[in-house]
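These are the residues of each chain, in order.
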Amino acid sequence: MRAANWFTPAIALARIAWLRTVFYLFVILDMHAFVRDTRLKGESPGLYQPLFLARLFDLPRPSVANTTALYVVLIVACLIGATNRLPRLAGWVVAPAFTWWVLIGMSDGKVDHDHLALVVALWVLPTVAPATTNWSWRREQSPYGDQARSEAAGWAIRCIQIAVIATYFLSAIAKLRGASWTLAWPDSAILTWAIVRRPNPVGEWLLPHPWLLHVMQWVGIIGEFLSPMVLWLRGRRQLGGALFFLGFHLANTVILGIHFLPTVVCWLAFAPLERITAGLLPRWRTGRSQTAAVPQPQVGA
């Protein structure tokens, strides 16, 4: 029973509303900035090498027609879903469409694990039904102000959180497996090699200090192995864990020019976003009430 309760905590529906807006808008950004060559693959179908899921579901080969249609469908569905109107319908369109988009875009032999949590998030968000379909920005019916707690929302949030943490833990496992299950990866000069391959001022400044790069490698892999602990931390301790991994990504960006934005944005699943509106709406309503209470000057008085 305790395990079931852990997987389905009661969480305010407002957090789901915020995540829908952020994730669906981020998908549009992702399509243009990160996995942006899907439509180009449609122009050269001969270079397409389907990934496992594409082979499993026998998805059609990319073409100009189907990649263009996929692009249009995703843009329209994401814009609708981001408004939290028709969230389940839009969500069930975005989830398979973006999964297919990513499968095509990563069919050139390099699969970016930074998209794991984002894809999982898109599949679980439509499972949560909104409390009402008739909402207004000016009343409690706003989805961003819905403080009703839902176990379905909790399950979706927990799935996203697990996917975020799995990104790090499975990365550590892959490092060990690639080194024949030894500690050769953290004990190597992999960061030195990466900096030489991707030179930038900060990385080049670190090159004369191999001991520091060595320490960073050990800190990174130990942090990845211990990442599941974040799921059981609470309050400031969980915030500290989140800040550690966000700092980890910031260091990668500064030193190597590598970002993990699709994973970073999914860390919002750990944030109590429902408090944003819980704090703002009462003050907004109080301000309106005070304004309405001010006597209006009479014409001719």
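Note that the coordinates shown come from a computational prediction; the quantities given were computed from them, not determined experimentally.

Unlike most non-glycine residues, Asp 58 shows phi in positive territory, near 50 degrees. For Asp 58, the position within the fold is in the loop between helix H4 (52–56) and helix H5 (64–82). Overall, Asp 58 belongs to the exposed group, its relative accessible area being 65%. Even without being a glycine, Asn 84 presents a positive backbone phi close to 65 degrees. Within the element layout of this structure, Asn 84 appears in the loop between H5 and helix H6 (87–105).

This brings us to the side chain of Asp 114. You can see Asp 114 is positioned in the loop between H6 and helix H7 (116–124). Those residues in contact with Asp 114 that sit more than four places away from it in its chain are His 259, Phe 260, Pro 262 and Thr 263.

Another aspect to go through is a nonpolar patch on the surface. Together, Val 72, Val 73, Val 76, Ile 80, Leu 86, Leu 89 and Val 93 give the surface a local cluster of nonpolar side chains, amounting to about 570 Å² of exposed area. Sorting the residues of the nonpolar patch by element identifies H5 and H6 as the ones contributing at least two each. With four residues, the single largest contributor to the nonpolar patch is H5. Within the secondary structure, Ile 80 sits in helix H5.

With that settled, consider the pattern of salt bridges. Per the stated rule, a full pass over the model turns up four salt bridges. Among the salt bridges present, the one from Arg 15 reaches Glu 274, with a minimum N-O distance of 2.9 Å. Note that Arg 15 is positioned in helix H2 (residues 13–33) and Glu 274 in helix H14 (residues 274–293), a separation of 259 residues in sequence. In this structure, Arg 15 and Glu 274 share a single accessibility class: buried. Several salt bridges share partner residues, and in doing so they unite Asp 37, Lys 41 and Asp 108 into one network.

A rise of 1.5 Å per residue sets the reference length of H2, with its 21 residues, at 30 Å; its end C-alpha atoms lie 30 Å apart and thus fit the reference within 8%. Where burial is concerned, most of H2 is hidden: 15 out of the 21 residues are buried.

Inspection of the secondary structure puts Thr 67 in helix H5. Among the residues examined, Thr 67 registers a relative accessible area of 1% and is labelled buried. Taking the C-alpha atoms as reference, Thr 67 lies 5.3 Å from Arg 39; in sequence the two are 28 residues apart. Ignoring anything within four residues of it in the chain, the contact list for Thr 67 reads Thr 38, Arg 39, Gly 42, Pro 62, Trp 101 and Ile 104. From its side chain, Thr 67 meets the backbone oxygen of Ser 63 in a polar contact 2.6 Å long.

This part covers the packing of aromatic side chains. Per the counting criterion, the structure on display carries twelve aromatic pairs. Look at Trp 18 and Tyr 144: their rings are 4.8 Å apart centre to centre, the planes differ by 55 degrees, and that puts the pair in the tilted class. Separated by 126 residues along the polypeptide, Trp 18 in helix H2 and Tyr 144 in the loop between H7 and strand S2 (149–150) bring together distant segments of the chain. Ring centres of Tyr 71 and Trp 101 lie 6.1 Å apart, and the angle between their planes is 35 degrees; on these two criteria the pair is classed as tilted. One end of the pair, Tyr 71, is in helix H5; the other, Trp 101, is in helix H6, with 30 residues separating them in the sequence.

Note on helix geometry: an α-helix contains 3.6 residues per turn, so any two residues three or four positions apart are oriented the same way. With 22 residues, helix H12 (residues 235–256) ought to run about 32 Å at 1.5 Å a step, and its terminal C-alpha atoms sit 31 Å apart, in line with that. Elements in contact with the buried residues of H12: helix H8 (151–178), helix H9 (190–197), helix H10 (201–206), helix H11 (210–226) and helix H13 (261–266). Directly beyond the C-terminal end of H12, a positive phi value near 75 degrees is found at Gly 257.

Counting 56 residues, the largest nonpolar core has Phe 23, Phe 98, Ile 160 and Trp 267 as its most contacted members. Secondary structure elements with two or more residues in this core: H2, H5, H6, H7, H8, H12 and H13. Non-local contacts of Trp 267, meaning those with residues more than four positions away in its chain, are made with Val 164, Ile 165, Tyr 168, Val 230, Ala 242, Phe 245 and Leu 246. In terms of nonpolar packing, the next biggest core, distinct from the first, is built from seven residues, Ile 195, Leu 206, Ile 255 and Leu 256 among them.

Here is what the cut-offs are and how they apply
Residues numbered from 1 in each chain as written. Predicted model: local features only at pLDDT ≥ 70, side-chain atom pairs only at ≥ 80, totals over all residues. Heavy atoms only, no water. Helix = DSSP H or I, 4+ residues; strand = E, 2+ residues; numbered from the N terminus. Buried < 20%, exposed > 50% of the residue type's maximum accessible area, 1.4 Å probe, protein only. Contact = heavy atoms within 4.5 Å. Patch = residues over 30% accessible without salt bridge, like charges linked within 9 Å, V, L, I, M, F, W, Y side chains within 5 Å. Areas by Shrake-Rupley, 256 points an atom, 1.4 Å probe, with all protein chains shown as cover. Salt bridge = Lys/Arg side-chain N within 4 Å of Asp/Glu carboxyl O. Expected span 1.5 Å × (residues − 1). Polar contact = N/O pair within 3.5 Å; in protein donor to acceptor, adjacent residues only side chain to side chain. Phe/Tyr/Trp six-rings, centres within 6.5 Å; stacked < 30°, edge-to-face > 60°. Core = buried A, V, L, I, M, F, W, Y, C linked by side-chain atoms within 4.5 Å.

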